[in-house]
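Next come the chains, spelled out residue by residue.
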Amino acid sequence: MTLLPSVGRELSNPPSDGISNLRFSNSSDHLLVSSWDKSVRLYDANADSMRGEFKHGGGAVLDCCFHDESSGFSACADHKVRRIDFNAGKEDILGMHDEPVRCVEYSYAAGQVITGSWDRTIKCWDPRAASGPERSQIGTYKQPERVNSLSLVGNHLVVATAGRHVNIYDLRNMAQPEQRRESSLKYQTRCVRCYPNGTGYALSSVEGRVSMEFFDLSEAAQAKKYAFKCHRKSEDGRDIVYPVNAIAFHPIYGTFATGGCDGFVNVWDGNNKKRLYQYSKYPTSIAALSFSRDGGLLAIASSYTFEEGDKPHEPDAIFVRNVNEIEVKPKPKVYPNPPA
Amino acid sequence: MRKELCRNFQQGSCRYGERCRYLHPQQTKPNNPFGFGTQQQQNKTSNNPFGFGVQGGSNSNRPNQSQQPFQNTWQRNPSSGSGASTQQSGKQTQQADHKCTDPAACKRVIQEDLKNERPMWKLTCYAHCKHLPCDVSGDVSYEELRAMAYEESKRGIPLQSIVERERNLQNAKVAEFENFLRSPYRGAVTANQTPSIFPPATQVNSSPPGGFSAFNQQPAFPNTNAGGGGPPNPFGRFNQQPNAFSVNTPQPAPSGPSGFQSQPSSFGPGPAAPSAFQPSVSFKPASFGPGPVAPSGFQSQPASFGPGPGLSTPPQNSSIFPSVTPTPAFNSNQNNQTGFSFNSPVASFTSPAVDTTNTPSGTELQAGGAPVDTSIWLKEKWNPGEIPEQAPPDAFVHR
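Residues numbered from 1 in each chain as written. Chains lettered and ligands numbered in written order. Predicted model: local features only at pLDDT ≥ 70, side-chain atom pairs only at ≥ 80, totals over all residues. Heavy atoms only, no water.

Per an unreviewed UniProt entry, the recorded name for chain B is BnaA07g32050D protein, and the organism is Brassica napus. According to the UniProt record, the Subcellular location (unreviewed entry) comment for chain B is "Nucleus". (UniProt positions renumbered as here; feature names shortened; annotations may be inferred.)

Heading Sequence similarities (unreviewed entry) of the UniProt record for chain A holds this comment: "Belongs to the WD repeat BUB3 family."

What follows concerns the confidence of the model for chain B. All names here are of chain B. Looking at chain B, pLDDT values average 53 and 27% of them are 70 or higher. Scored below 50 in pLDDT, residues 186-371 shows 615 contacts in the model against residues more than four places distant or in partner chains. For this predicted complex, the interface score ipTM comes out at 0.90, alongside a pTM of 0.62. (pLDDT = per-residue confidence, 0-100. Contact = heavy atoms within 4.5 Å.)

All names here are of chain A. Read from one edge to the other, the open sheet built from 4 strands follows the order E25-E26-E27-E28, with strand pairing classed as antiparallel. Looking at the sheet topology across the chains shown, the edges are occupied by strand E25 (244-249) and strand E28 (274-278). Going from strand to strand, the sheet's axes swing by 25° on average, the running direction of each strand aside. Direction of pairing for strand E26 (residues 256-260) relative to strand E27 (residues 265-269): antiparallel, over a ladder of 4 bridges. For glycine 259, the partnering residue across the bridge sits in E27 and is valine 265. (Pairing = 2+ DSSP bridges. Helix = DSSP H or I, 4+ residues; strand = E, 2+ residues; numbered from the N terminus. Axes fitted to C-alpha atoms, helices over the stretch in contact; angles between N-to-C directions.)

Our next topic: the side chain of Gln179(A). Residues and elements named next belong to chain A. With respect to the element layout, glutamine 179 can be found in strand E18 (residues 179-182). Looking at glutamine 179, its side chain comes within polar contact range of the main-chain oxygen of phenylalanine 215, at 2.8 Å. Residues within four places of glutamine 179 in sequence aside, it is in contact with Val166, Asn167, Ile168, Phe215 and Leu217. (Polar contact = N/O pair within 3.5 Å; in protein donor to acceptor, adjacent residues only side chain to side chain.)

What follows is about empty space enclosed by the protein. This model, assessed by the stated rule, comprises 8 cavities of 30 Å³ or more. Considering only enclosed or pocket space, the largest cavity measures out at about 300 Å³ in volume. Residue lining of the largest cavity: 26 residues in total, with Ser20(A), Asn21(A), Arg102(A), Asn245(A) and Ala287(A) positioned closest to the centre. Going through the elements one at a time, strand E3 (19-24), strand E7 (61-68), strand E11 (101-107), strand E15 (147-153), strand E19 (189-194), E25 and strand E29 (286-291) of chain A together with helix H5 (142-154) of chain B are the ones with two or more residues in the lining of the largest cavity. For the lining of the largest cavity, the per-class residue count stands at 12 nonpolar, 6 polar and 8 charged. (1 Å grid on protein atoms, 1.4 Å probe; cavity = no way out; pocket = protein on both sides within 12 Å on 5 of 7 lines; lining within 4 Å. Points joined across faces, edges and corners; volume = space filled by probe spheres on them. Nonpolar A, V, L, I, M, F, W, Y, C, P; charged D, E, K, R; others polar.)

Attention now goes to the packing of aromatic side chains. Under the defined criterion, the tally for this structure stands at 20 aromatic pairs over all chains. For the pair Phe66(A) and Phe86(A), a centre-to-centre distance of 5.8 Å together with 75° between the ring planes defines the contact as edge-to-face. Placement of Phe66(A) in strand E7 and of Phe86(A) in the loop between strand E9 (80-85) and strand E10 (90-96) is noted, with a sequence separation of 20 residues between them. Given a relative accessible area of 8%, Phe86(A) falls into the buried group. An angle of 35° between the planes, with centres 6.3 Å apart, marks the rings of Tyr226(A) and Phe228(A) as tilted. Note on accessibility: Tyr226(A) and Phe228(A) belong to one class, buried. Put simply, the rings of Tyr195(A), Phe214(A), Tyr226(A), Phe228(A), Phe249(A), Phe256(A) and Trp268(A) pair up and form one aromatic cluster. Looking at Lys273(A), its charged tip hangs above the ring of Tyr226(A), at a distance of 4.6 Å from the centre. The ring of Trp36(A) carries the charged tip of Arg146(B) above its face, separated from the ring centre by 4.5 Å. (Phe/Tyr/Trp six-rings, centres within 6.5 Å; stacked < 30°, edge-to-face > 60°. Buried < 20%, exposed > 50% of the residue type's maximum accessible area, 1.4 Å probe, protein only. Lys NZ or Arg CZ within 6 Å of the ring centre and 35° of its normal.)

See below:
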């Protein structure tokens, strides 16, 4: 275990190819990591040990999520959604899409697994059903375009697709989206993440911008939405504009971290519209971010995301930082004349 | 209010923001030729180096510099790029409330965006007006590109051709943007949303199949376009064939020319237009290859865009498509087009099935579009997903 104070602890035994996503568990500091090397790995972030490696023969694993401490789900480029039993070290197929499955989430509220795919659908699955797509699939919902990212909070599901479409669903009524929107950013959407308080979501794009949106369609709520620029570098009067690949919300403070292809991780206070912190630059693009359940740890996947095609790049690595309160705690505005 | 300039503001550290007694240049909005209303920015404080709430304009601030953590005292670096930051702060207001009423204004917005904020990732979609559907669609994510590359490599395609294909894809997309920049749609949209001056609907098919674009012409499909309407996307699966990104088969690497390029890009979401959907089956469209293709004539027209700017006129397409069988139709350019898609000769439609190995989804090739229900043009307001790909028939244009 290498100890680098500025970037955090680097986990040993990282995947041998790009990291597509990583997630902390809701009940421990176990970290689940999916990779282009066709495996899903489970780490104990505190002990820096790999607890399991689950090889998916079919293709790159594009996403993963926990179900509970003993099992999780994976989304694979071979079109299959799998359930992984960590203890038994086995996986089985929960269902399939017609194209690579890009995202997987588990909804505790609905008790369902939700997957999004490049086949332009999202599907809901019952994880307790017998394996096999016929038995376990609860529903399939067409999307306007290929699904790039999805996020859940409470009963809300937000789906971001290619072509800048955003569909917002209520999990209790999936027959049609509750809202259909176009992204308020101008370029391709990279990532969408809902606020932990359930009032809205943050959307990031390839143009170095993040937009903060709200579910409530009332004027008052919509007036609060905004977008900001980030992950850009100024050079010769022009900006080099990096995609923002990852967003992760701190579970307690509601502040959030963003990671971009510039290798930086920034922490933002969305309510006060300020940047709280910027971590030291990582060796290569940030592919994924995740806060632990109490916000005490931040896992960072520093893994080249091929935004510039195939080129030599730094090795893919996972860093785990201990998060200091000062980096993530909001600082309310200071007014020169406080109200009397 | 004093008439002096606020010194703190110039340094980027005025705490009073709107309440400040001294002048903050951006508040005076000198550059407001279009009379845009006040910025609705929630954030009027002068310390807005990230442009919170502001769209457009480049931000030459370097927030990273000399930052003590938690200090948040963004210093505007006077030497950085262009003292432009103050000049541009006025410009920032221009895009805040852009409405597509004046084509020149739209064009300006587009030019600024593409000049100042061109993302490094080229295979992106673009809309000049936030909340509106894309002007340039057919975006591909880097994961898709990577999956495609891995897939091809697994099949034994040499790295060289993979790289070449990707490069072509990228060039095509860049060319599409260039074209778009040169001739963004002409003018106000007919029915809110983006103007769609598409080739006469009759062409149908013309719209490049590809595409995923959301818009399917059918009014029937409310947004989701399920690819191809009708038959569930038979085409969708097309992609399976390697084509997804064009390459596929014979010709790897789409050759350049061809204006649209949809080619390469087509895969995927095919630049715009997907009008293809449509069960068109009748067409044989199968192809889509080249996606938008259609117009092969164009070249310059971005054509592909989906709803967006009409550009194009491609009307020519019609000839192209007919039968789709791959390509030939396209005349010209596209050579590769044929490559696309067709992997599976028309017959394949139906089943997407194809290979499980998953063709990189990339492109869904959609068959050419079917004729649009002309009543769509009479609607006052379109929902996303209903917007026809094709241009309105002349009868509806220029009222």
